[in-house]
Amino acid sequence: MATTTTQTQTGSKQPADAQQKIEAFRALFADAPELGKKALENVIAELKSQVSEPRAKVESAGRVGARLGQRSELTMIVPLAPGGAKRLRAFLKMLDGNLSGGADKVGTLHDMRFVFIDNDTRMLFATSFDGDWDVYIDDFVTKIPDFLDVIDSAWEGWPGIRSPQAKDYLVKHQITAEGWYAAHPDLTVADITRLKHIGQAVDEFLDKLGN
Amino acid sequence: MAPVKEIVASNLSTRAPTLELSEIQATVLRQRPAPYFGTHVLLRIDDVRAGRELLRRLTPHIDSATSWWSADNPWLFVGISYAGLEALGVPHDSLQSFPEAFRVGMAARAGQLGDEGANDPKHWDLPFGTAEIHVGVSAFADSEEQRRRVLAIAREQYETVSGISVLGTQDFGAQPGDLNPLGYKDGIDQPPIEGSGVEPLPGQGRPIKAGEFILGYPGEAGVALPMPQPDVLGRNGTYVGLRKYQSRVGAFNRFLRANGSTEAERELLAAKLVGRWRSGAPLTLAPNVDNPALGADPRRNNDFNYANDPLGRQVPFGSHIRRMNPRDTELSRLTDVNIHRIIRRGTTYGTPYDPNALSEEADEVPRGAYFLFISAKAMATIEFLQQEWINDGNFIGAGNERDPIIGLQPDGATFTIPKEPVRRRVHGIDTFNVLRGGEYFFMPSLSALKWLGERE
């Protein structure tokens, strides 16, 4: 989505800020094990240059979650209903752990992962996608409600995607990432698809020209 | 050619309407007459009792949607902002039952709406962006004389109650040729509503579940949306979003001249921006030259889809009408087109469009539109539209380009026109409609208006 512009840090106060941050890094590691302290000193020059450069800022992605440029991250830890883990694990295995068929259609999803933790009592769900997290929720409700409920019915207390409480359930279990990296925060899934097509077309053109 | 209202009336369904038409305000279903005349009045309630008296006096003059298809007589409609509901002494629990975006008001949602830069609420005209707008009363009529007549009735009510302040009034009306401030016929494509008693016009698509537009009925997801409480307040009500735009006619004409060397080239470019010629004739049905007879015919001017234009060579993907209703266009994001429709009631004000106005002064000559959109989830829908369909192009394969008519254009913005053998990319597109105000209103049912007025 293009409405939220990526902010960059302003230039003038950087050297002082950077020096202060270096000191803050050292203070933070004052009680770290020797190994950690030593490692910090080895990378401190690089950290200094990283915090001095203007960089895309990680912002809030609506109600919860972090956003970098066009992309947002969503991380959840949800309790699993009795029998939910067994059923969902088997379901994912039958799909060879690959959700590409259905997930492709959404068109905003960069990745998704489902991880069973704590002896199958809880699930870690992590994804990143274009735009704010709840923009297309209503579209999921009318277009793919059953795909979502097939998976999410493994979750303890999941009210169903059609329920007005569904958004609140997701927010309640979401944890905002403190650190996050995306190689191309400025490219949406649609951009990447488009650029692939352009790349192929250019290659075909050059192939013809070169023959 | 027959006026729209006769065409609509001739399309009356053999099935009785299932909506409670006598409860719903007329404007929800009744379209503008052609030509149309009207006035918007913004009011502040300075005292609870005055606010309730105003509603008691006004309510008998608010038209219901009974016989909504006939626009022969002028009519009044009323909306109340969240600050207005507070000023009317609506109980706390009830206030809390309204959606958050409505409660904080449109200016406070600038971040979600992408109202930044030139559209930032800090540049808005007063009283917009303040919490002073409590009640909006508007009149629609098919002649100037009728406008005066119905407005006089409204004035008798709000001017004689002490404790009600008039913050502003704005007359509006169709300009010569029934055109909007940029010189186009508009308001053509409206969503058909299930149970309203009228069959869709050709090209309107299947009727959309009433709950998308009116509270208390099932929506497209099969359930009714959460409704303000108590039921008498919420049921048969809806929300109206108002956005006041200033049309920068000079910038628009300069753009056309910079990118078209002949009148024909400029008019084709103007048509590509919208997807329709200025006459209203759609490019899908009249791809090369305008066809004013087609544009004027409500049975034909919306009767198309994009099955034969999958590459956007007739109607560019980024054009205004393809964005605002993609119809059968294959979208790159999973989207249910039917849940993002709005009922549109554009009201044009100010000096008519002048094709020869080129100066920067012409950009600030007061003219533009008070754009009203109606939906049972107006706040969520306009935020979706602003984020996805207006100020972005990814959903339809238009990269990060924005709506050429109502988008907020960043520096270096472009507009792509698909074409054989290669696309044309037009540079230097500017913001042609600048936002100068906006607010959300609740449009209560007639019973809810009585309930609000009679509370002690």
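Just so it is clear, the structure is predicted and the values come from calculations on it, not from any experiment. (Residues numbered from 1 in each chain as written. Chains lettered and ligands numbered in written order. Predicted model: local features only at pLDDT ≥ 70, side-chain atom pairs only at ≥ 80, totals over all residues.)

1. Regarding the domain arrangement of chain A
Splitting chain A by domain gives domain 1 (14–55) and domain 2 (60–173). The centre of domain 1 of chain A, based on its C-alpha atoms, is set 37 Å off from the matching centre of domain 2 of chain A. (Domains from an automatic or database assignment.)

2. Remarks on the sheet that holds strand 1 (residues 58–60) of chain A
Residue and element names in this part refer to chain A. Spatially, 5 strands are ordered 1-2-3-5-4 in an open sheet, and the strand pairing comes out antiparallel. Across the chains shown, the open sheet's two edge strands, defined by having one partner strand only, are strand 1 and strand 4 (109–117). Taking each pair of neighbouring strands and ignoring which way they run, the sheet shows an average axis angle of 25°. Strand direction decides the pairing type here: strand 3 (residues 71–79) and strand 5 (residues 122–130), joined by 9 bridges, are antiparallel. Counted as the bridge partner of Ser-72 is Phe-129 from strand 5. (Pairing = 2+ DSSP bridges. Helix = DSSP H or I, 4+ residues; strand = E, 2+ residues; numbered from the N terminus. Axes fitted to C-alpha atoms, helices over the stretch in contact; angles between N-to-C directions.)

3. Looking at helix 16 (residues 446–454) of chain B
All names here are of chain B. Buried residues of helix 16: Leu-446, Ala-448, Leu-449 and Leu-452, and no others. The buried residues of helix 16 occupy one face: seen down the axis, they fall within an arc of 160°. Packing partners of the buried residues in helix 16 comprise helix 3 (48–58), strand 2 (75–80) and helix 9 (231–234). (Buried ≥ 20, exposed ≤ 12 C-beta atoms within 10 Å, placed from the backbone. Arc of directions from axis to C-beta. Contact = placed C-beta atoms within 7 Å.)

4. Some remarks on unusual backbone geometry
With omega at -5°, the peptide bond leading from Ala-34 of chain B into Pro-35 of chain B counts as cis. Relative to the helices and strands, Pro-35 of chain B resides in the loop between helix 2 (26–29) and strand 1 (37–45). That bond from Glu-420 of chain B to Pro-421 of chain B is cis: its omega, -5°, falls within 30 degrees of zero. Mapped onto the secondary structure, Pro-421 of chain B falls in the loop between strand 8 (414–417) and strand 9 (424–427). Even without being a glycine, Asn-119 of chain A presents a positive backbone phi close to 55°.

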